[in-house]
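Topology and contacts: notes
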Amino acid sequence: MDLNELYSQVILEHSQDKSNKRVLDPYTMEERGHNPSCGDDITLRVDIEDGVVKDIAYTGIGCAISQASTSIMCDQIRGLKVEEAYEKLDLFLKMIRGEETDDEKLEEELEEGYVFKNISTMPARVKCAVLAWHTLKNAIDEQGEIS
Ligand SMILES: [Zn+2]
């Protein structure tokens, strides 16, 4: 299966999977991400305990790509130390910008997130794909969770 087929399959699965789409309470961090060019509007909630992402979930509306990307991010980040989560968010954004091109590393570290690698060939969808990752990275920056 090539990356484009895999991409379609993962988007379909995750845009239908609502396990990450719920109101998380309690939570320690909340951040809204908005992509006006498409209408994607998500709110992430994260429960951080002892420097570890205990749980993460989202609510909101958006296209299949943004919803699937957000769901994948939640799966990838849950259970990680905040520092590890931050590195993973950064790696995803570097992949999208074409700054990290080591396929083996990207596939290993980003797992399903790797299917977005070719999104840069669809410029109109890039903002949909990065919304959640960018939003959470900003939230971690703002809260100064990393010492
Ligand atoms: Zn979108």
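Our structure is the block above this text.
Summarised in this report is the structure supplied together with it. (Residues numbered from 1 in each chain as written. Predicted model: local features only at pLDDT ≥ 70, side-chain atom pairs only at ≥ 80, totals over all residues. Heavy atoms only, no water.)

**Regarding the coordination of the zinc ion**
Coordination of the zinc ion by the protein is provided by C38 (SG), D40 (OD), D40 (OD), C63 (SG) and C128 (SG), with metal-donor distances spanning 2.2 to 2.6 Å. If you list the donors of the zinc ion from N- to C-terminus, the spacing comes out as C-x1-D-x22-C-x64-C. Here C63 is found in the loop between β3 (52-61) and α2 (64-77), whereas its partner C128 is found in helix α5 (residues 123-143), with 65 residues between them in sequence. (Donors = N, O, S within 2.8 Å, 3.2 Å for Na, K, Ca; no water. Helix = DSSP H or I, 4+ residues; strand = E, 2+ residues; numbered from the N terminus.)

**Overview of empty space enclosed by the protein**
All told, the structure shown has 2 cavities of 30 Å³ or more when counted by the stated rule. When its volume is computed, the largest cavity comes out at roughly 40 Å³. Taken together, L3, N4, Y7, V115, F116, N118, I119 and M122 make up the lining of the largest cavity. Among the residues forming the lining of the largest cavity, the class breakdown is 6 nonpolar, 2 polar and no charged. Taken as a whole, the second largest cavity spans an internal volume of roughly 30 Å³. Broken down by secondary-structure element, the contributors of at least two residues to the lining of the second largest cavity are β2 (40-49), α3 (82-97) and α5. Along the lines of polarity and charge, the residues of the lining of the second largest cavity split into 8 nonpolar, no polar and no charged. (1 Å grid on protein atoms, 1.4 Å probe; cavity = no way out; pocket = protein on both sides within 12 Å on 5 of 7 lines; lining within 4 Å. Points joined across faces, edges and corners; volume = space filled by probe spheres on them. Nonpolar A, V, L, I, M, F, W, Y, C, P; charged D, E, K, R; others polar.)

**What to know about the side chain of K88**
Among the structural elements, K88 can be located in helix α3. Of the buried charged residues, K88 lacks a salt bridge, with E111 as the closest side chain of opposite charge at 4.7 Å. Ignoring sequence-local partners within four residues, the contact set of K88 consists of Q76, I77, L80, E109, L110 and W133. (Buried < 20%, exposed > 50% of the residue type's maximum accessible area, 1.4 Å probe, protein only. Lys, Arg positive; Asp, Glu negative; His and termini not counted. Salt bridge = Lys/Arg side-chain N within 4 Å of Asp/Glu carboxyl O. Contact = heavy atoms within 4.5 Å.)

**Details of unusual backbone geometry**
Between D25 and P26 the backbone carries a cis peptide bond, its omega angle lying at 5 degrees. With respect to the helices and strands, P26 occurs in the loop between α1 (3-16) and β1 (29-35). Positive phi is not limited to glycine here, since D50 has a value of about 50 degrees. Along the polypeptide, D50 turns up in the loop between β2 and β3.

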